[in-house]
Amino acid sequence: MRSLVPVLALVTAALIAVTGAASPATNTVLAAPARSSGSGPGSVGVRLVDIPADLADDPRARHYIIDNLRPGTTVRRRIEVLNTTDSTLHVEVYPAAARITHGAFVGAAGRKRNELSSWTRLKHRTLDVPAHDTLRDTVTIRVPRDAAPGERYAVIWAQVRGNRGGGISLVSRTGIRMYLSVGGHNPPAPNFTARTMTAQRGRDGHAIVRAQIINTGGRALDLSGTLKLASVSGSLSAGPYQVQLGTSLAPHQSEPVMIPVTDEVADGPWRATLELRSGLLVKKFHAKIRFPHTHGMAPAAAVDAETSSGGALKGLVAGILLLGTALLIITNRVRRRHERTADAGSGTTTG
């Protein structure tokens, strides 16, 4: 077992106001470590308690969970959850997906999973932390024996929910980044891409979309997914339609996946969006297609893979707006509290 060095490092909090929702609805950009997670109502902090001795000289390892492990390895890290308020806080502690995009480490919305978060467990899923006190929890990471080499990212979140009235819920969550590199000689991670999409009609006139998929990774794939259609000119839409199950691809193989369009649809042109998944790997592809008027097959259409940059930017902007809403709520609450205190001191009552 690796020796650990005690360390206490606080990571910045993300404060999000959610209207009529039980959990955050936007991505959260995790900034560089801060000295505190805030002192306002409902604030919660999280600290990394220890790090591997061989990473003691790495400043990043004092703030984040960082390690390089071989497949089949299990490691544990202790964390400490802080309550800086005057009341006991019921804190949810959980792992979730993250990614690095456009120079930012971005935590996924809600509790979205990826490989690393699925390997990660907390000893306690909830903690009731007394006012101005701390409680500890243990993070366990179990790397599967068949894990592919490469670096993964996730977040350990500590989250508090609160009701502010008027149908508004305030969610305060703070996270510790996770950077885990897997070594060894296992094959590369699963991956795939779509080469083309082809629109066709069967002899009975029903529409079918055929997508040519190639396995570009190092693992076998079992593909499932859905297809949606939107008219290029106009507001018509159709779907989702389920991909025919049973398409499996070994590494470097290329085969078509078939999506029967179960509605009667016009020839188009249509903007086709195909979402395919194999395990935790999910990818989207777009193409402009037109179905033949009678039985037959149209020319193959080029495919564009969807990138996540636009979603990350929108998530960041939404997060900033929601943060501003949350801070405004807190500021108004503190101001009203001060006004009541001032009125009580002067002997004035308010109706």
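Check the entry above for the structure.
Remember, predicted model here, so these are calculated numbers, not experimental data.

Q: Looking at this structure, how should I read the overall build of the chain?
A: In terms of regular secondary structure, the chain is built from two helices and 24 strands. Relative to its full complement of 351 residues, the chain shows a buried share of 43%. Nonlocal contacts in the chain, meaning residues at least 24 apart in sequence, comprise 72% of its contacts between residues at least 6 apart. For the chain, the exposed area adds up to about 18000 Å²; of that, 52% sits on carbon and sulfur atoms.

Q: Looking at this structure, how should I read the pairing of strand β20 (residues 270–278)?
A: The side chains of a regular strand alternate between both faces of the sheet. Here β20 shows a clear split, with Trp270, Ala272, Leu274, Leu276 and Ser278 buried on one side and none of Arg271, Thr273, Glu275 and Arg277 buried on the other. Sheet analysis places strand β16 (residues 221–231) next to β20, joined by eight bridges and oriented antiparallel. Considered in β20, the bridge of Ser224 is made with Arg277. What sits between β20 and strand β21 (residues 281–289) in their antiparallel hairpin is a turn of two residues, with Gly279 showing a positive phi close to 65 degrees.

Q: Help me out: how do you make sense of the packing of aromatic side chains in this one?
A: Each pair of aromatic rings is reported with the distance of its centres and the angle of its planes. With the rule as written, the count across this model stands at five aromatic pairs. On the numbers, 5.2 Å between centres and 50 degrees between planes, the contact of Phe105 with Tyr179 is tilted. Placement of Phe105 in strand β8 (residues 104–107) and of Tyr179 in strand β13 (residues 168–182) is noted, with a sequence separation of 74 residues between them. Using a relative accessible area of 4% as the deciding quantity, one classes Phe105 as buried. By relative accessible area, Tyr179 is classed as buried at 8%. By way of ring pairs, the aromatic residues Tyr64, Phe105, Tyr153 and Tyr179 are connected into one cluster. It is Arg173 that lies over the ring of Trp157; its NZ or CZ is 3.8 Å from the centre. Positioned above the aromatic ring of Phe192, the side-chain terminus of Lys283 is 5.7 Å from the ring centre.

Q: Is there a simple way to explain the side chain of Thr226 in this structure?
A: Summarising the element assignment, Thr226 is placed in strand β16. Residue Thr226 is classed as buried on the basis of its relative accessible area, which comes to 18%. Setting aside anything within four residues of it in sequence, one finds Thr226 in contact with Pro240, Tyr241, Gln242, Val243, Thr273, Leu274 and Glu275.

Q: Looking at this structure, I do not really get the nonpolar core. What am I missing?
A: Nonpolar side chains in soluble globular proteins generally cluster together in the buried interior. Residues Ile79, Val91 and Ile141 are the most contacted members of the largest nonpolar core, which totals 32 residues. Contributions of two or more residues to this core are made by β4 (44–52), β5 (65–69), β6 (74–83), β7 (89–101), β10 (126–129), β11 (133–142), β12 (150–163) and β13. Excluding its chain neighbours within four sequence positions, the residues that come into contact with Val91 are Val44, Val81, Arg125, Thr126, Leu127, Val129, Ala158, Gln159 and Val160. With 30 residues, the next largest nonpolar core counts Ile213, Leu221, Val243 and Ala287 among its residues.

Q: Explain the side chain of Asn215 here, please?
A: By secondary structure assignment, the location of Asn215 is in strand β15 (residues 207–215). Judged by relative accessible area, Asn215 falls into the buried class, the value being 0%. Within the structure, the side chain of Asn215 is placed 3.1 Å from the backbone oxygen of Leu249, a separation counted as a polar contact. Non-local contacts of Asn215, meaning those with residues more than four positions away in its chain, are made with Asn191, Phe192, Ala220, Leu221, Leu249, Ala250, Pro251, His252 and Gln253.

Q: Quick question: what am I supposed to make of the pairing of β6 here?
A: In terms of residue burial, β6 counts as a mostly covered element, since seven of its 10 residues are buried. Examined bridge by bridge, β4 and β6 share five bridges and lie antiparallel to one another. Its bridge partner being in β6, Arg47 is matched across the sheet by Glu80. Bridging between β6 and β11 involves 10 bridges; their strand directions are antiparallel. Bridge pairing links Val75 to Ile141 in β11.

Rules and cut-offs
- Residues numbered from 1 in each chain as written.
- Predicted model: local features only at pLDDT ≥ 70, side-chain atom pairs only at ≥ 80, totals over all residues.
- Heavy atoms only, no water.
- Helix = DSSP H or I, 4+ residues; strand = E, 2+ residues; numbered from the N terminus.
- Buried < 20%, exposed > 50% of the residue type's maximum accessible area, 1.4 Å probe, protein only.
- Contact = heavy atoms within 4.5 Å.
- Areas by Shrake-Rupley, 256 points an atom, 1.4 Å probe, with all protein chains shown as cover.
- Pairing = 2+ DSSP bridges.
- Phe/Tyr/Trp six-rings, centres within 6.5 Å; stacked < 30°, edge-to-face > 60°.
- Lys NZ or Arg CZ within 6 Å of the ring centre and 35° of its normal.
- Core = buried A, V, L, I, M, F, W, Y, C linked by side-chain atoms within 4.5 Å.
- Polar contact = N/O pair within 3.5 Å; in protein donor to acceptor, adjacent residues only side chain to side chain.

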